[in-house]
Amino acid sequence: MRYSRLTIACLSLLFATRSQAQSEVTVWESCQNPEFLPLFKPLVSGPQPEPSTLPTDITSNAFDIHQRDESVFEGDVEMQRGQEWLATEKLHYNHLHETYRTEGLVRFQNPTLRMTAQDAQGDKKKDIIELKTLQYQFHESNANGTAEKVEVHGQESRLSLANFSTCPSNSKDWNFAADEITINSETHKGVARNARLEVGGVPVFWMPYMQFPTDSQRSSGILSPTIGQDSLNGLEIALPVYLNLAPNYDATLTPRYLSQRGFMLESEFRYLLDGSNGELSATYMADDDIRGSDRYLLSWSHFTGMNRSWYFQSDLNHSSDVFYFSDFGNSIAETSTSLLKSELGFYGRGKYWNLELSAANWEIANPLQAPGSEPYRRLPRVAVSGSKPFLPWLEIGLNAEAVAFTHDQLEDGNRLDVAPYVKMPVKGAFWYATPSITWRQTEYWLADESGGSLDSTRISRGLSIFSIDAGASFERAVAFSDQTFIQTLEPRLFYLNAPYRDQNEIPVFDTQALTFMWPSLFRENRYGGADRQSDANQLTAALTTRFLNAENGKERMNFSLGRITYFDAPEVTLPGEAPLPTDGSAWVAEANVRLSDQWQIGVTQHWDPGTRKTDLSSIRGYWSTPKGMKINAGYRYRTDFTEQTDVGFVLPINSTWQAMGRWTYSLRDDQNLDSLLGFEWRSCCLAFRVYGRKYIRSSDDRENLGIYIELELNGIGHIGNRPELFEENGILAY
């Protein structure tokens, strides 16, 4: 919709404050403002014609045309063109000079906003409109403000002593103001002079000159700063500067000051080309005051769609040293980074096939990782997979891979792994059975210890793998707790047979044992990677029951129980891996209950009948109330690995205050891993938060204490630093 120049002048304040806004994370309640301007006319929904294509109608109680050059409309004067409506008490129009002026209060409304002005005057020849003592209110938000004077001259609008806020006009918790704002509707650019942000009547941000866009296009400028304090890096201040270099690429430069280390420069360059997009980022600190060396991190991610079947993708990363992430990471995921992976490749896919040609490299990114323990480089890797159903009961497929492995401290080698298979699925109304037979052939060409040619040692391994996966599904209607459910009963059997092959002479390039969970009951190989194929003569018996809401089909509960029984004890292992029990796996039990949207609980339990002990135990729950309280808690245990608790909460104190926190604790090490406590004060247009956080950040298990302060403004964004715990899943539904 094309807006009148009068509307553009008022919209400019909104664009000025939102041009650099960040995405909002708060659900704001509607501000109750007794001084809001009421709607002058009911809004019309649906598409409407352009006002410029419609005639202008003027009505009044009386009009005077006695004077030769001037007409006077008086008494409830209304001028309307489509949904643009203007009303005043008296209007003078000079036909000779094509000027007009009003007497009395001016009211204006269009589909976007409504406003009042003390008076208005204009010159059609000079294309000038002038309003004084303006007050405006947007229809679909709390955005409102005032301006002492508005002048519209052709394509340029000038607002004097203007302000904008989403707070009630009788209680401005925050306010954006400027002495002068100039808008050019042709270039879609605006300039604010002596601009300032006031919170609680106190100026917190000031710029003598600020340029911004008046449309949805990006514009260069300074973004919201972040401020924090922790015991490792000291005071941290970052001020991002956004550069809109072209419609299809931009950059962000972020000077970052760390009082214990010095200055750091972070940069990010994004680009969008025909069929391609990517991002280059670099961080650099010269002569770190603590480490005494230059620090940096380089990254490049890229994607190019070549056609409907093929694309190129890269994700390359390199850091200056193994301490980088533990020193500068802002999240637990970053500070615990042990390996930095770089990968690029060409990838193809079709209806029945997938193909990959890639290369990958790893570098150590944590001092606790021993030198030389990084995975083999894959230079290159070629992988193909595909399957096609030839008949309803016949499917033929292939999984194949060829990899060249290199390493600075370990033996190099090449590996070819080919696994053609045949599946014969059959099914009935309530049952299914899928027999499958695979032949897996793996060839190795290894270099000797002296670094000889790769054909100096060759190892072959070939074996057949047979499996049959069968199951059924029964259902019935049940009722309890005044609710009707559809209960299913789903038994499942999975038989697997693979002969033993001695694989102790085969090197371990990229293979590791997969974590034993519910899907492990139905896998043909308990290892990830081709260097080990587990032998098996075993049967999995499992049972699942689900409870579905009879009205909407939503799953409210499910319970599962299963176990693998070994007819022959598995013999294949990795170096250093403990042998499996001789009779069977642990019992695996899972349960998830969610009878309402306010609470849910999930339990996973692995119990070993051989040792009569628990191998794994996990319980997690979530509870919320209509008044805003949210609590989630979890317990995790795995034998000889971890035992942790995790509790998070959001607790309303009153209508404006609430407390929030999270505590992750290691029972095994009797150590706090991450604890956070914060308080929030929130009105309908302003939120202030302060957090204290104590967590393990450095590689030597030293605890780090951090303080975070965040100010969030409805309609603009937030200023400050929010811990990542609240942005991921630490506090559910927050």
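Every residue gets a number counted from 1 within its own chain, in the order that chain's sequence is written. Residue-level local features of this predicted model are given only where pLDDT is at least 70; pairs of side-chain atoms are given and counted only at 80 or more, and the full residue set underlies all totals for whole chains, interfaces and linings. Working from all heavy atoms in the structure, the side-chain values ignore hydrogens and water.

Caption draft 1: Expanded view of the overall build of the protein chain. Each helix corresponds to a stretch of at least 4 residues labelled H or I by DSSP, and each strand to a stretch of at least 2 residues labelled E; elements are numbered beginning at the N terminus. Across its full length, the protein chain carries 3 helices and 46 strands. Restricting to contacts in the protein chain with at least 6 residues of sequence separation, those with at least 24 account for 47%. With residues, only the protein chains shown are counted as cover, and all accessible areas are computed by Shrake-Rupley using a 1.4 Å probe. As displayed, the protein chain has an accessible area near 38000 Å², and 55% of this comes from carbon and sulfur atoms. Residue contacts are counted whenever heavy atoms from the two residues lie within 4.5 Å of one another.

Caption draft 2: Fine view of the packing of aromatic side chains. Think of it this way: a Phe, Tyr or Trp ring, Trp meaning its six-membered ring, pairs with another when their centres are within 6.5 Å, and the plane angle makes it stacked under 30 degrees, edge-to-face over 60, tilted otherwise. Scanning all chains against the criterion turns up 26 aromatic pairs. Ring plane angle 55° and centroid distance 5.1 Å describe the contact between F312 and F346, whose orientation is recorded as tilted. Here F312, found in strand β22 (residues 310-319), pairs with F346, found in strand β23 (residues 339-349); they are 34 residues apart in sequence, far enough to count as distant. The aromatic ring of F323 is capped on one face by R291, whose charged end is 3.9 Å from the ring centroid. Look at NZ for Lys and CZ for Arg. If either is within 6 Å of the ring centre and within 35 degrees of the ring normal, a charge sits over the ring. Residue placement shows R492 over the ring face of F522; its charged tip is 3.7 Å from the ring centre.

Caption draft 3: Seen up close, the state of the cysteines. Whenever a pair of cysteine sulfur atoms sits within 2.5 Å, that pair is classed as a disulfide. Under the defined criterion, the tally for this structure stands at 1 disulfide. Note on cysteine connectivity: C167 is disulfide-linked to C685, with sulfurs 1.9 Å apart. Torsion about the S-S bond of the C167 and C685 cystine: about 95°, corresponding to right-handed handedness. Placement of the pair is C167 in the loop between β10 (156-165) and β11 (174-184) and C685 in the loop between β43 (671-682) and β44 (686-696), with a sequence separation of 518 residues. Taken as a pair, C167 and C685 share a single burial class, namely buried. With a 1.4 Å probe rolled over the protein chains alone, any residue whose accessible area is under 20% of its type maximum counts as buried; one over 50% counts as exposed, and the rest are partly exposed.

Caption draft 4: Representation of the confidence of the model for the protein chain in the model. Within a predicted model, pLDDT stands for the predictor's per-residue confidence, ranging from 0 to 100. Looking at the protein chain, pLDDT values average 85 and 89% of them are 70 or higher. Across the protein chain, element-level confidence peaks in strand β27 (residues 413-423) with a mean pLDDT of 97 and bottoms out in helix α1 (residues 5-18) with 45. Segment residues 1-25: pLDDT under 50, and 75 contacts once partners within four positions in sequence are set aside and those in other chains are kept. In the predicted structure, residues 727-734 sits below a pLDDT of 50 and forms 26 contacts with residues beyond four places in sequence or in another chain.

Caption draft 5: Spotlight on a negative patch on the surface. Excluding any residue in a salt bridge, patches collect residues exceeding 30% relative accessible area, merging like charges within 9 Å and nonpolar Val, Leu, Ile, Met, Phe, Trp and Tyr side chains within 5 Å. The working definition used for a salt bridge is a side-chain nitrogen of Lys or Arg within 4 Å of a carboxyl oxygen of Asp or Glu. Charge assignment in this entry is limited to Lys and Arg as positive and Asp and Glu as negative, and neither His nor the chain termini are counted. We put the charge of a Lys on NZ, of an Arg on CZ, of an Asp on CG and of a Glu on CD. Residues D64, E74, D76 and E89 make up a contiguous surface patch of negative charge. On the secondary structure map, E74 appears in strand β3 (residues 70-81). Looking at E74, the relative accessible area reads 41%, which means it is partly exposed.

Caption draft 6: Layout of the nonpolar core. Ranked by internal contacts, the top residues of the largest apolar core, which has 36 residues, are L131, L134, V150, L159, W174, I181 and L686. To define a nonpolar core, start from buried Ala, Val, Leu, Ile, Met, Phe, Trp, Tyr and Cys residues and group those joined through side-chain atoms within 4.5 Å. Core analysis: the next-biggest nonpolar cluster, separate from the first, contains 13 residues, F494, W518, A536 and A542 among them.

Caption draft 7: Fine view of the environment of I631. With respect to the helices and strands, the residue I631 is situated in strand β40 (residues 630-638). Relative accessible area serves as the criterion here: at 29%, I631 is assigned to the partly exposed category. Through-space distance from the C-alpha of I631 to that of G661 is 9.7 Å; in sequence the pair is 30 residues apart. Setting aside its immediate chain neighbours within four residues, I631 contacts G621, Y622, W623, G648 and F649.

Caption draft 8: Structural detail: the pattern of salt bridges. Scanning all chains against the criterion turns up 35 salt bridges. Note that E680 and R689 form a salt bridge whose closest N and O atoms lie 2.4 Å from each other. Under the relative-accessibility criterion, E680 is labelled buried at 2%. A relative accessible area of 1% places R689 in the buried class.

Caption draft 9: Spatial organisation of a nonpolar patch on the surface. Together, F390, L391, W393, I396, M424, V426, F430, W431, F474, L489 and L543 line one region of the surface with nonpolar side chains, adding up to about 1000 Å² of accessible area. Residue position: L543 is located in strand β35 (residues 536-549). Overall, the relative accessible area of 39% leaves L543 in the partly exposed class.

Caption draft 10: Broad picture of unusual backbone geometry. With omega at -5°, the peptide bond leading from L379 into P380 counts as cis. Even without glycine at this site, D76 takes up a positive phi of about 50°. Within the fold, D76 resides in strand β3. Taking relative accessible area as the criterion, D76 reaches 47% and is therefore assigned partly exposed. Residues other than glycine seldom take positive phi values, yet D287 does so here, at roughly 55°. Secondary-structure assignment places D287 in the loop between β20 (276-285) and β21 (295-305).

Caption draft 11: Local environment of the environment of P507. Inspection of the secondary structure puts P507 in the loop between β32 (483-498) and β33 (512-513). Expressed as a C-alpha distance, the spacing of P507 and L574, which sit 67 residues apart in the sequence, is 9.6 Å. The contacts of P507, once residues within four sequence positions are left out, are Y444, L446, D531 and R532.

Caption draft 12: Fine view of the environment of S336. Relative to the elements of secondary structure, S336 occurs in the loop between α3 (332-335) and β23. For the pair S336 and F325, spaced 11 residues apart in the sequence, the C-alpha separation amounts to 7.5 Å.

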